[in-house]
Amino acid sequence: MVDVVILTALELEAAAVLSHLSGHERRTLASGEVYRLASLPGASGVSVAVLQSGMGNAASAVVAAAAMQELGPKLIGFVGIGGGVKDAQVGDVVMADKVYGYHAGKETDGGFYSRPEVYRPTASIVSLARDIAREDWNPVGPPYAFIGAIAAGERVIATRDDTAALLRERFNDTLAVDMEGLGVLAAAWRRDGVRSFVIRGISDVLEGKAESDAGGSQPTAAANAARFTFTLLRSIHGAPADFSGESQQPTKMRSLPPRPRALEGRQEEVSKLVAGLRGAGSCAVAHGIPGVGKSALAAEVAHSAIADTSSGIELAWWIPMHSDQEFEAALVALGRGILGASEEGDPVVAAHAWLQANERWLLVLDGARDEGSVAKRFPSHLAGRLLITSTAPTWNSGTLRLRIQALSLADARSVLSEDLMSPDLSAVDELAEELGCLPLALRQANGYMQETTMPVERYLAALRRNMPALMGQGHAPDHPVSVLATVTMAIESVVGTRPLAAATLLALSSFGDAPVPVESFVRGSLKVGHQILQDTDVYEDLAALRRVGLIELDEDWLRMHRLTSEIMRATYDPGDVVSATITAALILAGSPNPAVVPALASAAARIPDEQGYAYTKALVHRSLASALMDAGSLDGALREVAEAKRAARPWVDRFGLHDQSSSAVLDPGELEQEFDGVDRWMIEDFIETVESVRAQILLRLQRFEEARSPAERALASAQRLGEDERLARVHSNLGNVLLRLNEREAARFHASESAKLQKRAGSEPVLLARRYTHVGQADVELGETDSAIASFDAAVRVIDESGLSDPDATWARAHAYSLRTQLSDAPSGELLAAMEAELSAGLAANIEAHVLASVTNNLALEYFENGMRDEGVALLEQSLAIADRLWGSDHAETVTRHVHLANLLRPDFQAARAHIVEAKRGAGAAGLGVDVGARIAAADLLVQVSAGEDFGQAQVALGEQLQAALVQGLLDDSEAELLRQIHESPHDW
């Protein structure tokens, strides 16, 4: 009787096994099978029989059955080479925890239906192998050891073989393939009291089998499989663990986590960090938010670094830095390894002494708090290599500092769908986005779905119902702590030291994962908490949150990961969360920066639709409307105005008020009910501001008639409030609307009232200059040139006397001066200079898009008048792009710019004609009048004449359009005369 039977298929496999045994002799079974009987070195009395069965599951089953019948072993296994399917690479080792018989099934007219056989090796042997792989084998690697599924068939698999496709589709957890493992396990299963195993060294992978074989991979794979087998057997039988074949000297020490099975989307980061650790005395820092995969990345980098023989690394040690206790335990373990069997001396002293005396080492400091926590433990003059992971982004000493970010959607999809049977890929993508592509969350979700067999779509629905709770269940295979616990620990580390930072964090959670402009948040925080906060408090709080990875922060932007946001909001009392949300919304609500829109919209959506919060929610939506208007998103701004009115309804209902019409908010002046002063002011203020915003949006959309009503309602409320600066603003708005409606006398009245009120209010000079400019523009429309020049001069004088030179002041002056110069008899050079200065100032001040469109258009036409055709075309194309983006292609302003460009581009017939075609299309779609048609027809005629084309039809078309426009009174005398001359003598133009 023998203790162990090992089967192989090939001669080179048998030779590899026998090299680990001593005293082997040839024997023969009664069935005629020859075997070698040997003893296990270091294990007294343990006998091992080695048989070569040949290839195929049937052969291995027959030989295994015969050997067990005659030799009576307690343990039987198959050892040899195999093909890698996933994870394991050439030279690695795979031990089966199950073996599929994938060829079993039924062939029908409808196709092949799998009926796979599955056999499992002995559980206790597999458990021991896992421990050996983790503790003894992988830290030294490569080669690496994997425990997983092996698929056994009856033929060698090629890359594009149908069998390879079958494995990927129906057995997608398979790590390796062979042709004998199933037979051995099946035979052992029928034998009571016999334990079993299957171990394969990877000699090739599905891609590139021939190249691997030709490169001599089979002997290496067989040797590695045999080496792992005898490491396992020595552990079973208590023999000395002669794993490496070398004595345990201090310079041959490894203590690293297992190499990650897969690390999707991190190849570039791994390469950069490995390169950063090539030189002695080097330091590389991988930093990022909790759960972004820094530790897994560091494990891969460490294994890659020591695998590079040119690195000369002789000691690699993992040292957790999350707490003093973890750090000290790891350092003591390192010191004891250096001291060796004698264990004489202090291990901590020994560790430091050895590190200072040598340079061929790599320490991984996982979870370092900051640079100071490393510096106080490891002096900067150490000559080895340091790889550091941390949530803190500020590291001055690192030769390489690499920010680790969330995965791309494609890589996140790979992580989520790993080992899942036929997942719904659209649901996988939705789940990845819901988890913010955070690696720890992805692996935790994947592990949970594998363990519970929950489909992806059900997990997604559960996550949306209660994300924090689900993120607290289970953990990623290579990370012992859940996402919830990881983020909660970071939160607690801040709360204990900076209570105000915790309040800031809760407010920031209201913005979800939307980016927040730092300056807007700081200014808003000081405004909301003006009696409590200093700007240094806010910046220090943000720095504390960044240090523990709860926010990402740079000079301009801050951002919180969506999982951190949701976990934060689930941690606190719901009432506190709502209060923080309102605070957050008010912090950004007054910001003039349009970039706050995504964050402000997120906060607005989180404010409850309840009466107690209605007023605040309405104000936030009103602020959103203003921000969107300033950003040029006019349709979105109109929607937010409507949303502000809707949000205000519960608050309005509290006073018994209601809309007077679908377009009005309310009119307290018509109600008999009495309100106290505060309520009255709040109602009037809301009416005025929301209607003013709506009027401005409609004005920019050039929907002038619609803009009149909200502008008049805003003025009525402002008059009841009686505040000069407010009245100046709404008079100016109404004046602008009336000017566009050609109600020039009324427009000038409101512009003049605005200027008087602004001056009486003692407001900032820029506002007063703008009011004078509006008066001048109204005078221009009335033909009052002298009065207009006086108003423009007054605007210039206000800025000059103020001494201001900021972008807004510079624009106000340049705009007024340009308008004044256009009215005077200034030389063309002076006029061009004024208009160019106007455009430059407008760009610097980031003026509204509709104003910029007008300024660029006017300057382009002036360039053309001065023979600067190329400059005019370039600028007019910019103006056209602005108009198209702002108003769309089917709008009079856009059509007009196409007409101007057609005129400028006349020498280029094809380009000019393209603009004519686009102008006609836009005018027809918008239903523009015959006056616009006449202008297009005139441009078309001139283009045809310039190109030497037959222009008869174009001339007829202009005559018809001109006659219709004159009948309808749509053209003033000067333009009518110009068009008549073009019609009668097109060659003169």
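Predicted model only: the values in this text are computed from it and were never measured.

**Let's talk about the overall build of the chain**
Counting secondary structure elements, the chain contains 41 helices and 21 strands. By residue count, 52% of the 989 residues in the chain fall in the buried class. Of the contacts formed within the chain by residues at least 6 apart in sequence, a portion of 69% connects residues at least 24 apart.

**Considerations on helix H3 (residues 123–137)**
For the α-helix, the turn length of 3.6 residues means that residues three or four positions removed from each other point alike. The first and last C-alpha atoms of H3 sit 19 Å apart over 15 residues, in line with the 21 Å expected at 1.5 Å per residue. Every buried residue of H3 is listed here: Ile-125, Val-126, Ala-129, Ile-132, Ala-133 and Trp-137. Seen from one end, H3 has its buried residues packed into an arc of 120°, which puts them on one side.

**Re the packing of helix H23 (residues 574–589) against helix H24 (residues 597–606)**
In contact at an axis separation of 9 Å, H23 and H24 are set at 145° when each is read in the N-to-C sense. Between H23 and H24 lies a crossing of left-handed hand. Counting all contacts with H23, which are made through Thr-581, Ala-585, Leu-588 and Ala-589, the residues of H24 involved are Ala-599, Leu-600, Ala-603 and Arg-606. Looking at the contact of H23 with H24 residue by residue, the classes come out as six nonpolar, one polar and one charged.

**Here we look at the packing of aromatic side chains**
The description of an aromatic ring pair rests on the distance of the ring centres and on the angle between the ring planes. Tallied over the full model, the rule gives four aromatic pairs. Centroid distance Tyr-119 to Trp-189: 5.8 Å. Interplanar angle 65°. Geometry classified as edge-to-face. Of this pair, Tyr-119 sits in strand E9 (residues 117–119) while Trp-189 sits in helix H5 (residues 181–189), placing them 70 residues apart in sequence. The exposure class assigned to Tyr-119 is buried, which follows from its relative accessible area of 13%. On the basis of relative accessible area, Trp-189 is assigned to the exposed category, the value being 59%. The ring of Tyr-817 carries the charged tip of Arg-813 above its face, separated from the ring centre by 5.8 Å.

**Here's the deal with the UniProt feature "repeat: TPR" (unreviewed entry) in the chain**
Here, UniProt's "repeat: TPR" (unreviewed entry) annotation points to residues 769–802. Spanning residues 769–802, this segment combines 94% helix with 0% strand, and its end C-alpha atoms are found 11 Å apart.

**Brief notes about helix H40 (residues 952–967)**
For H40, with 16 residues, the first-to-last C-alpha span of 23 Å sits near the 22 Å given by 1.5 Å per residue. Within the span of H40, buried status applies to Ala-954, Leu-958, Leu-962 and Ala-965. Buried residues of H40, viewed axially, fall in a sector of 70°; they line one side. Within H40, the exposed residues directed more than 90 degrees away from the buried face are Gln-953, Glu-960 and Val-967. If you follow the buried residues of H40, they end up packed against helix H39 (930–946) and helix H41 (973–984). Trailing H40 by a residue or two, Gly-969 shows a phi angle of about 70°, which is positive.

**Considerations on the sheet that holds strand E17 (residues 385–390)**
To summarise the sheet geometry, strands pair through backbone hydrogen bonds and adopt either a parallel or an antiparallel arrangement. If you walk across this open sheet you meet the six strands as E13-E15-E16-E17-E14-E18, and the pairing is parallel. Both edges of this open sheet fall to strand E13 (253–255) and strand E18 (400–403), since each of them pairs with a single strand only. Averaged over all neighbouring strand pairs, the angle between strand axes comes to 15°, with direction disregarded. As defined by bridge partners, strand E14 (residues 283–287) adjoins E17 across five bridges and the pair is classed as parallel.

**Structural notes on the environment of Asp-931**
As for its position among the elements, Asp-931 is in helix H39. If near-sequence neighbours (up to four positions away) are discounted, Asp-931 is found in contact with Ala-965, Leu-970 and Leu-971.

**Focus on the sheet that holds strand E19 (residues 516–517)**
Taken in spatial order, the three strands make up an open sheet running E19-E21-E20, and their pairing is antiparallel. Of all strands in the sheet, those bounded by a partner on one side alone are E19 and strand E20 (552–553). Pairing geometry for E19 and strand E21 (residues 557–559), over two bridges, is antiparallel. By the bridge assignment, Val-516 is partnered in E21 with Leu-558.

**A closer look at the side chain of Asp-370**
Among the secondary structure elements, Asp-370 is positioned in the loop between strand E16 (361–366) and helix H12 (371–375). Residue Asp-370 is classed as buried on the basis of its relative accessible area of 17%. Within the structure, the side chain of Asp-370 is placed 2.7 Å from the side chain of Arg-369, a separation counted as a polar contact. Other than its neighbours up to four places away in sequence, Asp-370 contacts Ser-390, Ala-392, Trp-395 and Arg-547.

**Some points on the packing of helix H35 (residues 849–865) against helix H36 (residues 869–887)**
Direction vectors running N to C along H35 and H36 enclose 155°, while the axes themselves pass 8 Å from each other. Accordingly, the angle class assigned to the pair H35 and H36 is roughly antiparallel. You can see that H35 and H36 cross each other, and the crossing is left-handed. Contact with H35, carried on its side by Ala-849, His-850, Leu-852, Ala-853, Thr-856, Asn-857, Leu-859, Ala-860 and Tyr-863, involves Glu-871, Gly-872, Leu-875, Leu-876, Ser-879, Ile-882, Leu-886 and Trp-887 of H36 and no other residues of that element. Grouping the amino acids of the contact of H35 with H36 by side-chain chemistry returns 11 nonpolar, five polar and one charged.

**Some details on the pairing of strand E15 (residues 315–320)**
The buried count for E15 comes to six of six residues, which makes it a mostly enclosed element. Across the two faces of E15 the burial is the same, with Leu-315, Trp-317 and Ile-319 and Ala-316, Trp-318 and Pro-320 all buried. Two elements, E13 and E15, share three bridges in a ladder whose sense is parallel. Note that in E15 the partner of Met-253 across the bridge is Leu-315. Taken together, the six bridges between E15 and E16 define a ladder with parallel strand orientation. Looking across to E16, one finds that Trp-317 is bridged to Leu-363.

**Looking at the pattern of salt bridges**
Between side chains of opposite charge, a pair can form when the charged atoms approach closely. Under the defined criterion, the tally for this structure stands at 51 salt bridges. When the shortest N-O distance is used, the salt bridge between Glu-430 and Arg-464 registers 3.0 Å. One end of the pair, Glu-430, is in helix H14 (residues 425–434); the other, Arg-464, is in helix H16 (residues 456–465), and 34 residues separate them in sequence. Judged by relative accessible area, which is 35%, Glu-430 ranks as partly exposed. We note a salt bridge from Asp-931 to Arg-935, for which the minimum N-O separation is 3.8 Å.

**As for the pairing of strand E5 (residues 75–84)**
E5 sits mainly inside the fold: 10 of its 10 residues count as buried. Note that strand E1 (residues 4–8) and E5 share four bridges and pair parallel. Looking at E5, one finds that Val-5 is bridged to Ile-76. Where E5 meets strand E12 (residues 195–205), 10 bridges bridge the pair, whose relative direction is parallel. Bridge pairing links Ile-76 to Ser-196 in E12.

**Digging into unusual backbone geometry**
The phi angle at Cys-437 is positive, at roughly 55°, despite the residue not being glycine. Tracing the sequence through the fold places Cys-437 in the loop between H14 and helix H15 (439–452). Its relative accessible area of 9% is what places Cys-437 among the buried residues. Positive phi, close to 60°, is recorded for Thr-453, a residue that is not glycine. Following the sequence through the fold, Thr-453 ends up in the loop between H15 and H16. Among the residues examined, Thr-453 registers a relative accessible area of 65% and is labelled exposed.

**A closer look at the side chain of Ser-754**
Note that Ser-754 resides in helix H30 (residues 744–760). Given a relative accessible area of 1%, Ser-754 falls into the buried group. Aside from chain neighbours lying at most four places away, what touches Ser-754 is Ala-728, His-731, Ser-732 and Arg-771.

**A few points about a negative patch on the surface**
Judged by side-chain charge, Glu-725, Glu-764, Asp-806 and Asp-808 come together as a negatively charged surface patch. Here Glu-764 is to be found in the loop between H30 and helix H31 (765–782).

**Considering the environment of Val-873**
Here Val-873 is to be found in helix H36. Here Val-873 falls in the buried class, since its relative accessible area comes to 9%. Separated by 30 residues in sequence, Val-873 and Asn-903 have C-alpha atoms that sit 9.8 Å apart. Apart from residues no more than four positions distant in its own chain, Val-873 is found in contact with Leu-901, Leu-904 and Leu-905.

**Digging into the confidence of the model for the chain**
Looking at the chain as a whole, its pLDDT mean stands at 85, while 89% of the residues score no less than 70. Of all secondary-structure elements in the chain, the lowest mean pLDDT belongs to helix H6 (residues 209–214), at 48, while E1 reaches the highest, 96. Considering only residues more than four positions removed or in separate chains, one finds that residues 212–216, a stretch of pLDDT under 50, has seven contacts. Contacts of residues 658–675 to residues separated by more than four positions or lying in other chains number 39 contacts, the stretch itself having pLDDT below 50.

Cut-off values and rules
Within every chain, residues take consecutive numbers counted from 1 along the sequence as written. Totals for whole chains, interfaces and linings use every residue, but because this is a predicted model, local features are given only for residues with pLDDT of at least 70 and side-chain atom pairs only at 80 or more, for both listing and counting. Side-chain calculation: all heavy atoms of the structure are included, whereas hydrogens and water are not. For helices the rule is a DSSP run of H or I covering at least 4 residues; for strands it is a run of E covering at least 2, with both sets numbered from the N terminus onward. Only protein chains enter the calculation, and the probe is 1.4 Å; a residue is then buried if its accessible area is under 20% of its type maximum, exposed if over 50%, and partly exposed in between. Any two residues having at least one pair of non-hydrogen atoms within 4.5 Å are treated as being in contact. Here the expected length of a helix is defined as 1.5 Å per residue gap, with one fewer gap than residues. Think of the arc as the fan of directions from the helix axis to the C-beta atoms. Note on method: axes are straight lines fitted to C-alpha atoms, helices fitted across the in-contact stretch only, with angles between N-to-C directions ranging 0 to 180 degrees. For any pair of crossing helices, the crossing counts as left-handed if the nearer helix is rotated counterclockwise from the farther one by less than a right angle, and right-handed if it is rotated clockwise. Residues are sorted three ways: Asp, Glu, Lys and Arg are charged, Ala, Val, Leu, Ile, Met, Phe, Trp, Tyr, Cys and Pro are nonpolar, and all the rest, Gly among them, are polar. Centres within 6.5 Å are what make two rings of Phe, Tyr or Trp a pair, Trp counting through its six-membered ring; a difference in plane orientation under 30 degrees is then read as stacked, over 60 as edge-to-face, and the rest as tilted. Comment: the charge-over-ring label is applied if NZ (Lys) or CZ (Arg) is within 6 Å of the ring centre and within 35 degrees of the ring normal. UniProt positions are given in the numbering used here, feature names are shortened, and annotations may be inferred rather than shown by experiment. Two strands form a pair only when DSSP identifies at least two bridges running between them. Polar contacts here mean pairs of N or O atoms no more than 3.5 Å apart (in protein, one a potential hydrogen donor and the other a potential acceptor; neighbouring residues in sequence count only if both atoms are side-chain atoms). To sort the angles, those under 35 degrees are grouped as roughly parallel, those over 145 as roughly antiparallel, those from 65 to 115 as roughly perpendicular, and the leftovers as oblique. Take a side-chain nitrogen of Lys or Arg and a carboxyl oxygen of Asp or Glu: if they are within 4 Å of each other, that pair is a salt bridge. For patch building, the residue pool is restricted to those with more than 30% relative accessible area and no salt bridge; the joining distance is 9 Å between like charges and 5 Å between nonpolar side chains (Val, Leu, Ile, Met, Phe, Trp, Tyr). With residues, only the protein chains shown are counted as cover, and all accessible areas are computed by Shrake-Rupley using a 1.4 Å probe. Positive charges are assigned to Lys and Arg, negative charges to Asp and Glu, while His and the chain termini are left out of the count. Note on charges: their place is set at NZ of Lys, CZ of Arg, CG of Asp or CD of Glu. A score between 0 and 100, pLDDT records how confident the predictor is in each residue.

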